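Coordinate analysis (summary)
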Amino acid sequence: MGKLRLGFVGCGNIANTKHLPNLAKFPDRAEVVAFCDVIEQKAIDTKNKFGTPDAKVFTDYRDLLKMDLDAVYVCTPNRSHSEITVAALRAGCHVMCEKPMAINSEEAKAMVDAARETGKLLTIGYQNRFREDTLTLKQMAEDGFLGEVYMAKAHALRRRGIPTWGVFTNKYEQGGGPLIDIGTHALDITLWIMNNYKPVSVLGSTYNVLGTTLRGAEQGTSSHWDPDTYEVEDSAFGFVKFENGATVFLESSWALNTVEQKQAMTTVYGTKAGASMEFPVGEASSTKKRLVVNTVVGGKQVVFEPDVRETVPDSQDLIFNYPGAEKECKVWLDALEGKGEVVVKPEEAFVVTQILEAIYKSAETGKAVYL
Ligand SMILES: NC(=O)c1ccc[n+]([C@@H]2O[C@H](COP(=O)([O-])OP(=O)(O)OC[C@H]3O[C@@H](n4cnc5c(N)ncnc54)[C@H](O)[C@@H]3O)[C@@H](O)[C@H]2O)c1
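Model, not experiment: these values are computed from the prediction.

**Some points on the packing of aromatic side chains**
- Using the criterion set out here, one finds seven aromatic pairs in the structure.
- With centroids separated by 6.4 Å and ring planes inclined at 20°, the aromatic side chains of Phe 8 and Phe 35 adopt a geometry described as stacked. A residue pair is termed long-range when its members are at least 10 positions apart, and Phe 8 in strand 1 (residues 4-9) and Phe 35 in strand 2 (residues 30-36) qualify at 27 residues.
- Overall, Phe 35 belongs to the buried group, its relative accessible area being 0%.
- Between Phe 145 and Phe 304 the ring centres are 6.1 Å apart and the planes differ by 85°, which places this aromatic pair in the edge-to-face class. Taken together, the positions of Phe 145 in the loop between helix 6 (132-142) and strand 7 (149-157) and Phe 304 in strand 14 (residues 300-304) put the pair 159 residues apart, joining distant regions of the chain.
- An aromatic cluster of three or more residues is present, and its members are Phe 8, Phe 35 and Tyr 73.
- In this structure, Arg 62 packs its charged tip against the face of Tyr 61, placed 5.7 Å from the ring centre.
- It is Arg 79 that lies over the ring of Tyr 172; its NZ or CZ is 3.8 Å from the centre.

**A short note on the site of the ligand**
- Around the ligand, a shell composed of 27 residues is seen, among which Ile 14, Asp 37, Lys 42, Asn 78 and Trp 165 lie nearest.
- Between the ligand and the protein, one listed contact pairs an oxygen atom with a backbone N or O atom of Ile 14 at 2.8 Å.
- Of all the secondary-structure elements, those providing two or more residues to the shell around the ligand are helix 1 (13-23) and helix 8 (178-194).
- Counting residues per element, the shell around the ligand draws most heavily on helix 1, at three residues.
- A breakdown of the residues in the shell around the ligand according to their chemical character gives 11 nonpolar, 10 polar and six charged.
- Mapping the shell around the ligand onto the domain boundaries places at least three of its residues in each of domain 1 (4-124) and domain 2 (128-316 + 344-370).

**Remarks on the packing of helix 8 against helix 11 (residues 346-365)**
- Where helix 8 contacts helix 11, the two axes come as close as 10 Å, and the packing angle between them is 130°. In this view, helix 8 runs oblique relative to helix 11, as classed from their interaxial angle. Note on packing geometry: the crossing formed by helix 8 with helix 11 is right-handed. Residues Leu 179, Ile 180, Thr 184, Leu 187, Asp 188, Leu 191 and Trp 192 of helix 8 touch helix 11, and the partners they reach there are Glu 348, Val 351, Val 352, Ile 355, Leu 356, Ile 359 and Tyr 360.
- Residues that form the contact of helix 8 with helix 11 fall into these classes: 11 nonpolar, one polar and two charged.

**Let's talk about helix 11**
- Compared with the 28 Å implied by 1.5 Å per residue over 20 residues, the 28 Å span of helix 11 between its first and last C-alpha is a close match.
- A positive phi of about 80° marks Gly 366, the residue just after helix 11.

**Notes on the domain arrangement of the chain**
- The domains assigned to the chain are domain 1 (4-124) and domain 2 (128-316 + 344-370).
- Relative placement of domain 1 and domain 2: their C-alpha centres are 26 Å apart.
- Per-residue buried area on domain 1 facing domain 2 is highest for Arg 79, Lys 99 and Ser 105; these three make up 31% of the total on that side.
- Taken together, domain 1 and domain 2 are joined by one salt bridge.
- For Lys 99, the salt bridge goes to Asp 181, with nearest N and O atoms at 2.8 Å.
- At the junction of domain 1 with domain 2, the criterion picks out six residue pairs in polar contact (both at pLDDT 80 or more).
- In terms of residues, the side of domain 1 that touches domain 2 owes the most to one element, helix 5 (residues 105-118), which gives four residues.
- Of the residues belonging to the side of domain 1 that touches domain 2, the class tally is nine nonpolar, five polar and three charged.

Conventions we followed
Residues numbered from 1 in each chain as written. Predicted model: local features only at pLDDT ≥ 70, side-chain atom pairs only at ≥ 80, totals over all residues. Heavy atoms only, no water. Phe/Tyr/Trp six-rings, centres within 6.5 Å; stacked < 30°, edge-to-face > 60°. Helix = DSSP H or I, 4+ residues; strand = E, 2+ residues; numbered from the N terminus. Buried < 20%, exposed > 50% of the residue type's maximum accessible area, 1.4 Å probe, protein only. Lys NZ or Arg CZ within 6 Å of the ring centre and 35° of its normal. Near = heavy atom within 4 Å. Polar contact = N/O pair within 3.5 Å; in protein donor to acceptor, adjacent residues only side chain to side chain. Nonpolar A, V, L, I, M, F, W, Y, C, P; charged D, E, K, R; others polar. Domains from an automatic or database assignment. Axes fitted to C-alpha atoms, helices over the stretch in contact; angles between N-to-C directions. Parallel < 35°, antiparallel > 145°, perpendicular 65-115°, else oblique. Left-handed = near helix turned anticlockwise from the far one by under 90°. Contact = heavy atoms within 4.5 Å. Expected span 1.5 Å × (residues − 1). Buried area = accessible area lost by both parts, 1.4 Å probe. Salt bridge = Lys/Arg side-chain N within 4 Å of Asp/Glu carboxyl O.

Okay, here's the thing in structure tokens:
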């Protein structure tokens, strides 16, 4: 088999800091031959850094899709995920689309349908599934060690961490704030570990308090956001009930008066054992997560910590270090080469999208949403 021929739509932060540096670790398996960005210079710069010498540059993704490509990466703001993904699938490409899947469940469903109809692979960039702590907890759940998980908390809390590049605070482009941006990761790993994709009702609240009243630069933080252009919620909370009686509490914020900054983490409560993802005391480092498990052994309560250290170097940078991303890349290449399954299935990401949408709707109407 020759090298996989890949194309990128959207040549910003996530393309340049997650996907492309990890793909570069597998030069014998894949090459990036097409780059598209509405800002041409970004496509040119990215091509010069990561592309083959004869890679093509485009400003319209429809032109990129005329090339003979195996797979397309969709790394644009959330609004265009569905449109570009559906077009790429229908053009005969497999698709790795960044999270969140789409800005609403209707658009997410169009993606699921297009993948089913074309028989092409579709996955979503939930790299947190591939972290050591997440994989270990998933294995414990599958081994039956936790028993049945009937309650969980999905954590996505930042104290002052509003993204200041791109269009993250633009409601039209992103569909929302921290809930759709980072709540999506926490909910994804939580549902995956519970293996529960049957939500029945959702209650939610969103707040826009600190984002529009504080100026980032005055908060002793490097997140210098502008309150005048801040359009999305700064925190959102949801309570989800499932068909089998299980519940999930989801907490998400980019700005909240809290010291508990847990992001892309979960706490699960099972009939046989419970577990929580934690940071080392006094440290909020993206790669040094702990997994604290509690159960009863020999009639005694026991707490233990499996060794879940990441093998990737720790950059201390919570935003631009993506533990799990190299494995995400490898698993995707395996699937493209027909050597393995896609781990993040579109139907699962669809349910995550449905729940996030229901939290926004419930917050708006003040009522529970029944799915
Ligand atoms: N997996 C993660 O942890 C993670 C982290 C950060 C961002 N993301 C996701 O990645 C996506 C992009 O975020 P980012 O941080 O790279 O933003 P960014 O603003 O740095 O990059 C987006 C790029 O897309 C380009 N673009 C916009 N519309 C386009 C279109 N129609 N066609 C071609 N190019 C277009 C922009 O010019 C920009 O260069 C978002 O959906 C975001 O949620 C995921």
